[in-house]
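Below are the chains, spelled out letter by letter.
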Amino acid sequence: MNGTGNLMDFLDEPFPDVGTYEDFHTIDWLREKSRDTDRHRKITTKSKESYWELIKSLLDAWSGWVVMLLIGMLTGTLAGVIDLAVDWMTDLKEGVCLSAFYYSHEQCCWTSNETTFDDRDKCPQWQKWAELMTGHSEGAGAYVLNYFLYVLWALLFSFLAVSLVRVFAPYACGSGIPEIKTILSGFIIRGYLGKWTLLIKTVTLVLAVSSGLSLGKEGPLVHVACCCGNLFCSLFSKYSKNEGKRREVLSAAAAAGVSVAFGAPIGGVLFSLEEVSYYFPLKTLWRSFFAALVAAFTLRAINPFGNSRLVLFYVEYHTPWRRKTTLLGKYPVLEVIVITGITAVLAFPNPYTRRSTSELISELFNDCGALESSQLCDYVNNPNMSRPVDDIPDRPAGPGVYSALWQLALALIFKIVITIFTFGMKIPSGLFIPSMAVGAIAGRIVGIAVEQMAYHHHDWIIFKNWCRPGADCVTPGLYAMVGAAACLGGVTRMTVSLVVIMFELTGGLEYIVPLMAAAVTSKWVADAFGKEGIYESHIQLNGYPYLDVRDEFTHRTLATDVMRPRRSEPPLAVLTQDSTTVEDVETLIKDTDYNGFPVVVSRESERLIGFVQRRELTVAIKTARQKQDGVVSSSVVYFTEDNPQVAEACDPQPLKLRRILNLSPFTVTDHTPMETVVDIFRKLGLRQCLVTRSGRLLGIITKKDVLRHMAQMMNQDPESIMFN
């Protein structure tokens, strides 16, 4: 009150918590956009008043680029640290460097002067555990001891990972991409992008990958990057107080995550656009590219692999399911320990499953040059051959190649089975690298088979027109690369971004056509089994309220068929503009769990005035009781524009809350086709819309009502979309 008769609008000055959202609720995209427009208009107006205000407006304009710079630098730094730590801890399972214990196997032998070309991986400074403990590096005893310690280290790493996740940050488990997609669509999951989640995800990601489980760090790196984005958003009110603007930053952060995961800045931007982002304006495109570029430069400056490349399996060619629960799933720590034990026991005997998955992919992608010593390159050479190193003709396979084929076939079966059980455990786990490994193994096997057929049967009709005797006709490493792209595309349904990522990995434009053919074919084949990729399936499995823009709705239903209340339900809970008391409002809030309430002229007319959010109503009344004199339970709440008059001095003071009233809620008529309603929810990001007829309120449709109706039309359980 000012004086005795003039009633202020209580919300003339802002106060904390108005405009924020409850946990596990959906944001109002239209409202966030409107709030940002108002903020920008005020800044523009003030910038004309003084030089200081002009400087503040310039700082506000550049704050977005500053945030992108910080995200790129921190994401690149964390990715470099993770790569270095994973490389060291993976080798730690087999041995230790005597000259510097923090060196990996490769780093340890870099500085050795006693390494020969044939035994480039052996040097006196690096010793396996059996040799270090017993002095013997060969024999059955040494093999058993190395085997035992390999399994023991794997169990220790996985136990530490699952324990840290379970105790400190439960949200640090899994890939994170399904949840990131849901958050970017407007859903609130408090703590999922928090500081503790960032710290624990970074540490446990190193432990999980080093344990040798069939998982990758590429998916979780997107989660790590988004945590970095959320961290820097809190430093700028422009993003911390507007959930819509925050999601623009998170979209760019996702691009930076993919950039450092694959060394593919352009692919990262396209991945964010194609796979995870719900709202992607043009300025976000440029900022995403900048963040991805800074992240890639930072990672290259760290140079974790010592070859100036951003990924371990960079190559260059010179020639033209998921479960809901299991018995073990009820005991997450035991589940991780059991799966890790099985993985380590089965992986150690096979050299292609013992090594890290990234190293496996690197070897499968490699072209066999004259300097390669891998089993996969054990061909019978012609002693009279005098060709350049990069133009070696097709040759008959030697015994090493045939031995490698059997080992790869066993590795393929092992990777397929163990990945199914690994993905979804309560540790950080990505699916990109295991999927690529499966495809690369299959591709390399097929590539070697085609290569040998071309060599021995070059006169067949499929070979004779393009493969002359003594020529380099088939590159098995290229088949591995195409197989990796096809398998990853089938799992995730990625297309354009996948091709660009693989192109940036290989560094050659010549192979875009086979990669495009592989991506499209794999998507067609996978779509025959189901339209959802692994991340969409994960979203459905967890019941996240995600409205996919790719889902089609072709049923002939109307808004009146979906709106609430139904005929058997109680009337819609509403507020009147000038006849509801504070006690009535508090009782309504206590007895219901709705996110907001329509405001009407009167209960008799049901003429719609606007819509008020539950959280803002609660905060406004609580703060009014503390700061405004005379507000009691019998005070009348007014949503009108004119100031109400107090009839008598003894009457309680009214409470005017028009400022929190949304005067332009989105409305549809009861005969609007649901196909149109679904499209409106998708494109405008609505959390609810009101159903009217000639201005009279009939009901309400929320995002979950739309999802339930779509599930029901597809003969699915309508309650399956509820958050779990």
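Cut-offs and rules
- Residues numbered from 1 in each chain as written.
- Predicted model: local features only at pLDDT ≥ 70, side-chain atom pairs only at ≥ 80, totals over all residues.
- Heavy atoms only, no water.
- 1 Å grid on protein atoms, 1.4 Å probe; cavity = no way out; pocket = protein on both sides within 12 Å on 5 of 7 lines; lining within 4 Å.
- Points joined across faces, edges and corners; volume = space filled by probe spheres on them.
- Helix = DSSP H or I, 4+ residues; strand = E, 2+ residues; numbered from the N terminus.
- Nonpolar A, V, L, I, M, F, W, Y, C, P; charged D, E, K, R; others polar.
- Axes fitted to C-alpha atoms, helices over the stretch in contact; angles between N-to-C directions.
- Parallel < 35°, antiparallel > 145°, perpendicular 65-115°, else oblique.
- Left-handed = near helix turned anticlockwise from the far one by under 90°.
- Contact = heavy atoms within 4.5 Å.
- Salt bridge = Lys/Arg side-chain N within 4 Å of Asp/Glu carboxyl O.
- Buried < 20%, exposed > 50% of the residue type's maximum accessible area, 1.4 Å probe, protein only.
- Polar contact = N/O pair within 3.5 Å; in protein donor to acceptor, adjacent residues only side chain to side chain.
- Pairing = 2+ DSSP bridges.
- Disulfide = S-S within 2.5 Å.

### Structural notes on empty space enclosed by the protein
Point 1. Taken as a whole, the second largest cavity spans an internal volume of roughly 50 Å³.
Point 2. Along its surface, the second largest cavity is lined by Met68, Tyr239, Glu248, Val249, Ala252, Lys283, Thr284 and Arg287.
Point 3. Contributions of two or more residues to the lining of the second largest cavity are made by helix 10 (243-262) and helix 12 (282-302).
Point 4. For the lining of the second largest cavity, a count of residues per class yields 4 nonpolar, 1 polar and 3 charged.

### What to know about the packing of helix 24 (residues 582-591) against helix 25 (residues 614-627)
Point 1. At a minimum axis separation of 11 Å, helix 24 and helix 25 run at an interaxial angle of 135°. Between helix 24 and helix 25, the angle is such that the two are oblique. In terms of crossing hand, the pair formed by helix 24 and helix 25 is left-handed. Contacts from Val582, Val585, Glu586 and Ile589 in helix 24 reach Arg614, Leu617, Thr618, Ile621 and Arg625 in helix 25.

### Some points on the pattern of salt bridges
A side chain with one charge can pair with a side chain of the opposite charge if their charged atoms come near.
Point 1. Summed over the entire model, instances satisfying the criterion amount to 21 salt bridges.
Point 2. The shortest N-O distance in the salt bridge between Glu248 and Lys245 comes to 3.5 Å. Here Glu248 and its partner Lys245 are both found in helix 10, 3 residues apart, which amounts to about one turn of the helix.
Point 3. Given a relative accessible area of 9%, Glu248 falls into the buried group.
Point 4. Classification of Lys245 as buried rests on a relative accessible area of 4%.
Point 5. Notably, a salt bridge pairs Arg564 with Asp705, separated by 3.2 Å at the nearest N-O pair.

### Some thoughts on the side chain of Ser47
Point 1. Turning to its location among the elements, Ser47 is positioned in the loop between helix 1 (29-46) and helix 2 (51-92).
Point 2. A polar side-chain atom of Ser47 sits 2.6 Å from the main-chain carbonyl oxygen of Thr44.
Point 3. When sequence neighbours within four positions are dropped, the list of residues in contact with Ser47 reads Glu53, Leu54 and Ser57.

### Things to note about the packing of helix 17 (residues 432-456) against helix 19 (residues 476-492)
Point 1. Between helix 17 and helix 19, the shortest axis-to-axis distance is 6 Å and the interhelical angle comes to 140°. For the element pair helix 17 / helix 19, the angle class is oblique. Every pair of crossing elements has a handedness; the one defined by helix 17 and helix 19 is right-handed.
Point 2. Classifying every residue of the contact of helix 17 with helix 19 by side-chain character gives 14 nonpolar, 7 polar and 2 charged.

### Focus on helix 15 (residues 357-365)
Residues that lie three or four places apart on an α-helix share one face, since the helix turns once every 3.6 residues.
Point 1. Burial runs high along helix 15: 8 of the 9 residues are buried.
Point 2. Residues Thr357, Ser358, Leu360, Ile361, Ser362, Glu363, Leu364 and Phe365 constitute the buried set of helix 15.
Point 3. Of the surrounding elements, those touching the buried residues of helix 15 are helix 14 (351-354), helix 16 (399-422), helix 17, helix 19 and helix 20 (496-506).

### Digging into unusual backbone geometry
Point 1. Geometrically, the link from Arg564 to Pro565 is a cis peptide bond, its omega value of 5° lying close to zero.
Point 2. Mapped onto the elements of the fold, Pro565 is located in the loop between helix 23 (559-562) and strand 3 (575-576).
Point 3. Even without a glycine there, the phi angle at Arg493 is positive, about 65°.
Point 4. For Arg493, the position within the fold is in the loop between helix 19 and helix 20.
Point 5. Among the residues examined, Arg493 registers a relative accessible area of 9% and is labelled buried.
Point 6. For Glu606, which is not glycine, the phi dihedral falls at a positive 60°.

### Overview of the sheet that holds strand 6 (residues 608-613)
Point 1. Strand order in the open sheet formed by 4 strands is 3-5-6-9, and the pairing between neighbours is mixed. Bordering the open sheet on either side are strand 3 and strand 9 (661-662), each of which pairs with just one other strand.
Point 2. One ladder, built from 5 bridges, connects strand 5 (residues 596-600) with strand 6; its direction is antiparallel. Across the sheet, residue Phe597 finds its bridge partner in strand 6, namely Val612.
Point 3. The sheet strands contacting helix 25 are strand 3, strand 5 and strand 6, and the helix crosses strand 6 at an angle near 75°.

### Here's the deal with the environment of Gly212
Point 1. Tracing the chain through its elements places Gly212 in the loop between helix 7 (195-210) and helix 8 (218-233).
Point 2. In this structure Gly212 comes out as partly exposed when scored by relative accessible area, which is 26%.
Point 3. The spatial distance from the C-alpha of Gly212 to the C-alpha of Trp153 is 9.7 Å, given a sequence separation of 59 residues.
Point 4. Apart from the residues within four sequence positions on either side, Gly212 is in contact with Lys93 and Thr343.

### A short note on the state of the cysteines
A covalent bond between the sulfur atoms of two cysteines is what we call a disulfide.
Point 1. According to the stated counting rule, one finds 2 disulfides in the structure shown.
Point 2. With its sulfur 2.1 Å from that of its partner, Cys97 forms a disulfide with Cys108. Residues Cys97 and Cys108 are joined by a disulfide whose S-S torsion is about 75°; by sign, that bridge is right-handed. Taken together, the residues span a long stretch of sequence, with Cys97 in strand 1 (residues 95-97) and Cys108 in helix 3 (residues 105-110) at a distance of 11 residues.
Point 3. Judged by relative accessible area, which is 2%, Cys97 ranks as buried.

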